[in-house]
Amino acid sequence: MDTQSREHSRKRLVMGNWKMHGNQAANTVLLDGLCAGVTAVPNCDVAVCVPFPYLGQANASLQGSGISWGAQDVSRHEQGAYTGEVAAAMLADFGCAWVLAGHSERRAMHGETDQLVADKAAAALSAGLTPVVCVGETLDEQEAGRTKDVISRQLAPVLALGASSLARIVLAYEPVWAIGTGLTATPDQAQEVHAFIRARLAELGVPQVRILYGGSVKASNAASLFAMPDIDGALVGGASLVAEEFLRIAAA
Ligand code: PGA
């Protein structure tokens, strides 16, 4: 048990999702800032998911820093004639520990289905990566009271991977209406969904899976979210692009 009065033993994970931001010069500033500051947050795993072209830069800059890195998407296929796709083994080749699967922007803009997301998670696991499987409802779905139905549907093919696979993944609850909007689920709202997901995992014998919250997480709201018993960290978009802000979230 660490000093954060955690009610459980899951180590907190704060992961940045840079989305389609950055260039080599800006990344150097950001990565150097993260390396310089990360020693101040020893009780938290810190990671960044960068665009594919910058995996080499992350691999070079973050070696030995204690910060791990990953990608934002992965092919469901192992290799072959899949122009434009990137295989999990290629990510592993660049030292990735993580890969996002099923971020809502990919579900919405690239037609990713629940099954495809689960296939991507399985592909990541096969290459020794930890998939961070994202789920979350839209505003319409939330207003219609369908949040848990949507989460259940999205989770079904992922849960079907079975306990031994589930024990090696991370889940992220990201209500679509809270992503990039400045709207955050209240800690109680988020906790309710996290507890729901935790119960499903517990039924399968894997209650220890880490469940991150994502959607407009900032240094100013991180502590109240992290105080919730089933929130094990955050997936951070916009606020991960400034080293100081991102590390303040990790320290929250
Ligand atoms: P946001 O993005 O923190 O900018 O809302 C979160 C995400 O999309 O992972």
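First, a word on scope: everything that follows refers to the structure included in this document. (Residues numbered from 1 in each chain as written. Predicted model: local features only at pLDDT ≥ 70, side-chain atom pairs only at ≥ 80, totals over all residues. Heavy atoms only, no water.)

Brief notes about the site of the ligand
So, step 1. Taken together, the neighbourhood of the ligand is formed by 13 residues, with Lys-19, His-103, Glu-174, Gly-180 and Ser-216 sitting nearest.
So, step 2. In this structure, an oxygen atom belonging to the ligand sits 2.7 Å away from a main-chain N or O atom of Ser-216.
So, step 3. Interatomic distance of 2.8 Å between a backbone N/O atom of Gly-237 and an oxygen atom of the ligand.
So, step 4. With the chains in place, 95% of the 280 Å² that the ligand exposes on its own is no longer accessible.
So, step 5. Here the shell around the ligand is built from residues that sort into four nonpolar, seven polar and two charged. (Near = heavy atom within 4 Å. Polar contact = N/O pair within 3.5 Å; in protein donor to acceptor, adjacent residues only side chain to side chain. Areas by Shrake-Rupley, 256 points an atom, 1.4 Å probe, with all protein chains shown as cover. Nonpolar A, V, L, I, M, F, W, Y, C, P; charged D, E, K, R; others polar.)

Side note on the pattern of salt bridges
So, step 1. A full pass over the atoms with the stated rule returns 17 salt bridges.
So, step 2. Between Asp-119 and Arg-76 there is a salt bridge, with the nearest N and O atoms lying 2.5 Å from each other. Remark: Arg-76 occurs in the loop between strand 3 (67-71) and helix 3 (88-93) and Asp-119 occurs in helix 5 (residues 114-126); sequence separation between them is 43 residues.
So, step 3. With a closest N to O distance of 2.8 Å, Asp-230 and Arg-198 form a salt bridge. In this pair, Asp-230 is assigned in the loop between helix 10 (219-226) and strand 8 (233-236) and Arg-198 in helix 9 (residues 187-203), connecting sequence segments 32 residues apart.
So, step 4. In this structure Arg-198 comes out as buried when scored by relative accessible area, which is 8%.
So, step 5. Here the salt bridges do not stand alone but share partners, grouping Arg-10, Arg-198, Asp-230 and Asp-232 into one network. (Salt bridge = Lys/Arg side-chain N within 4 Å of Asp/Glu carboxyl O. Helix = DSSP H or I, 4+ residues; strand = E, 2+ residues; numbered from the N terminus. Buried < 20%, exposed > 50% of the residue type's maximum accessible area, 1.4 Å probe, protein only.)

Structural notes on unusual backbone geometry
So, step 1. A positive phi angle, near 55 degrees, is found at Lys-19, a position not held by glycine.
So, step 2. You can see Lys-19 is positioned in the loop between strand 1 (12-17) and helix 1 (24-37).
So, step 3. One non-glycine residue with positive phi stands out, namely Ser-216, at about 55 degrees.
So, step 4. One can find Ser-216 in the loop between strand 7 (210-214) and helix 10.
So, step 5. Overall, Ser-216 belongs to the buried group, its relative accessible area being 16%.

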